[in-house]
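A look at the structure
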Amino acid sequence: MGKGYSLIVFILLIILLNGCQSKQNNEDKSLSNNTQNSEQNMDLIKNAKTTTFPASYQKSGNHTNIDIQSVNPQKAYFIEGCARSLELDFETIGRTLIPESEIGEVDIEAKQILSKKMVDDTFYEKMFGWGKDSFSYYTYHGSELFSSIVDERKADDYNLPLYEQEKTFSFGSAEEALEDIKARLNAFGIAIDDTYLVHTYYLSHETLKQQESHYDMEGNQEEGEYKTDWSEEDDAYMFYISQTYCDLPDYHIVEGMSVRAEDSSAQIIVMYGKEGILYMKVQNIGIYEMGTKQIELLPFETVAESVLRYFDDILDNAAYEVTDARLICDYAPSLKAGDEKTLCPVWAFHVIETNDGDIPVNYELRVNASTGTVLQ
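Position numbers for residues start from 1 in each chain and track the written sequence from start to end. Given that this is a predicted model, residues contribute local features only at a pLDDT of at least 70 and side-chain atom pairs are listed and counted only at 80 or more, while totals for whole chains, interfaces and linings are drawn from all residues. Hydrogen atoms and water are omitted, and side-chain values are computed over all heavy atoms in the structure.

As for the overall build of the chain
- Secondary structure elements are defined from DSSP: runs of H or I of at least 4 residues count as helices, runs of E of at least 2 residues count as strands, and each element is numbered from the N terminus. Of regular secondary structure, the chain possesses 7 helices and 22 strands.
- Across the 376 residues that make up the chain, the buried fraction comes to 48%.
- Taken as a whole, the chain presents about 18200 Å² of accessible surface, with 47% of it coming from carbon and sulfur. Here's how the labels work: a residue is buried when its accessible area is under 20% of the maximum for its type, exposed when over 50%, partly exposed in between, all with a 1.4 Å probe on protein chains only. Surface accessibility in these figures is a Shrake-Rupley result with a 1.4 Å probe; residues are shielded only by whichever protein chains are displayed.

Encoded structure:
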């Protein structure tokens, strides 16, 4: 995708942006500081019954094949709870990420802040935009690096695994970068502790150069957009930081957005390089309140049977391959007004659908882990 087109997309996204937290460790089942921390809750967690799942699962139906090599996690528990949105002062956050001396325009109605400085009189050096429960901070340098990153699994050119090899870049370690990010987020009102799930990727300039790709809206390669001066100055870390509840990552469905149980759906995404934060996206941070009742999780085999029946009941000629299963925290569908959302355990299955003569399509199917009901 070309740099110009990327910028246009970014501007549209931040204008259209208008639209819970705690990782319990299975060993000590401790509560996060974003969950109501009562003695009653501690006792409930300590005495919670854990359900064990198979390491892998295989079964075939009429035109469905389930072949899951790794069921994640191997054991879990879930206690009823609800989440409400964490309120943040987005304008103040934007004025922190873009210092006052660098700000060229603040548009409260459009919910965006733009820097004075531009690159080639075409691209803003820095941009910040916000919506109802989210904000995005963007730098021109960050956009250059994003031309080499595809973090959605549904994409044919998904390439995050290429950045998994641990590295320490000349400007500092990943641990030092993460500590700086935590400090910045804490100043914004987001306390990151060890209850968060953090996945780190190492964006070496060599791999970034190899993976760089630019196409226009018609799918034509734009040769003139390619970066010609890749160097160690472009090395960066990428952090995908997710909230958890009952030790399950929170990848809850958000109305009007594509959400999957994967890194690209993390509540916090940060790119960090020699200059500091090059990109930051924060969305739908929740504050969890734990209830008093444990929710029983179905055996995995029962849930998998629901998946098998669901696809085998579809009257078409497609073949369905189910290759991955992950237990996550989601928000239960609700017709109630208000901010408070009910938390529920959900199995997210990765599905590849193939029709004769058509390109395979991959997507996610979610099933309620306590009822076996197919959600989508």
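Some remarks on the environment of Glu-301
- For Glu-301, the position within the fold is in helix α7 (residues 300–312).
- Residue Glu-301 is classed as partly exposed on the basis of its relative accessible area of 37%.
- Other than its neighbours up to four places away in sequence, Glu-301 contacts Pro-54 and Tyr-57. The contact criterion used throughout is that any non-hydrogen atoms of two residues lie within 4.5 Å.

Regarding helix α3 (residues 90–97)
- Of the positions making up α3, those classed as buried are Phe-90, Ile-93, Gly-94 and Leu-97. All buried residues of α3 fall inside an arc of 100° around its axis, so they share one side.
- Tucked into the core, α3 has its buried residues touching β8 (112–115), β11 (126–130), β12 (134–139), α5 (174–188) and β18 (276–283). The directions considered for the arc run from the helix axis to the C-beta atoms.

Things to note about the confidence of the model for the chain
- Here pLDDT means the predictor's own confidence in every residue, given as a number from 0 to 100. Overall, the prediction assigns the chain a mean pLDDT of 88, with 88% of residues at 70 or greater.
- A low-confidence stretch, residues 1–34 stays under pLDDT 50, and its non-local contacts, those more than four residues away or across chains, total 123 contacts.

Notes on the layout of surface pockets
- Two kinds of site are reported from a 1 Å grid over the protein atoms alone, namely cavities, where a 1.4 Å probe fits but cannot get out, and pockets, open sets with protein on both sides within 12 Å along at least five of seven lines, and residues are called lining when an atom falls within 4 Å of a point. Grid points are joined across faces, edges and corners, and a volume is the space filled by probe spheres set on the points. Put simply, the second largest pocket is a space of about 330 Å³.
- Forming the boundary of the second largest pocket are 17 residues, of which Arg-153, Tyr-158, His-199, Asp-263 and Arg-326 lie nearest the centre.
- Looking at the lining of the second largest pocket, its residues break down into 6 nonpolar, 4 polar and 7 charged. Just so you know the grouping, Ala, Val, Leu, Ile, Met, Phe, Trp, Tyr, Cys and Pro go in nonpolar, Asp, Glu, Lys and Arg go in charged, and all remaining residues, Gly too, go in polar.

Structural notes on the pattern of salt bridges
- The term salt bridge refers to a side-chain nitrogen of Lys or Arg lying within 4 Å of a carboxyl oxygen of Asp or Glu. According to the stated counting rule, one finds 16 salt bridges in the structure shown.
- Here Lys-59 and Glu-305 are joined by a salt bridge, their closest N and O atoms 2.2 Å apart. Taken as a pair, Lys-59 in strand β2 (residues 57–60) and Glu-305 in helix α7 lie far apart in primary sequence, 246 residues in all.
- For Lys-59, a relative accessible area of 35% translates into the label partly exposed.

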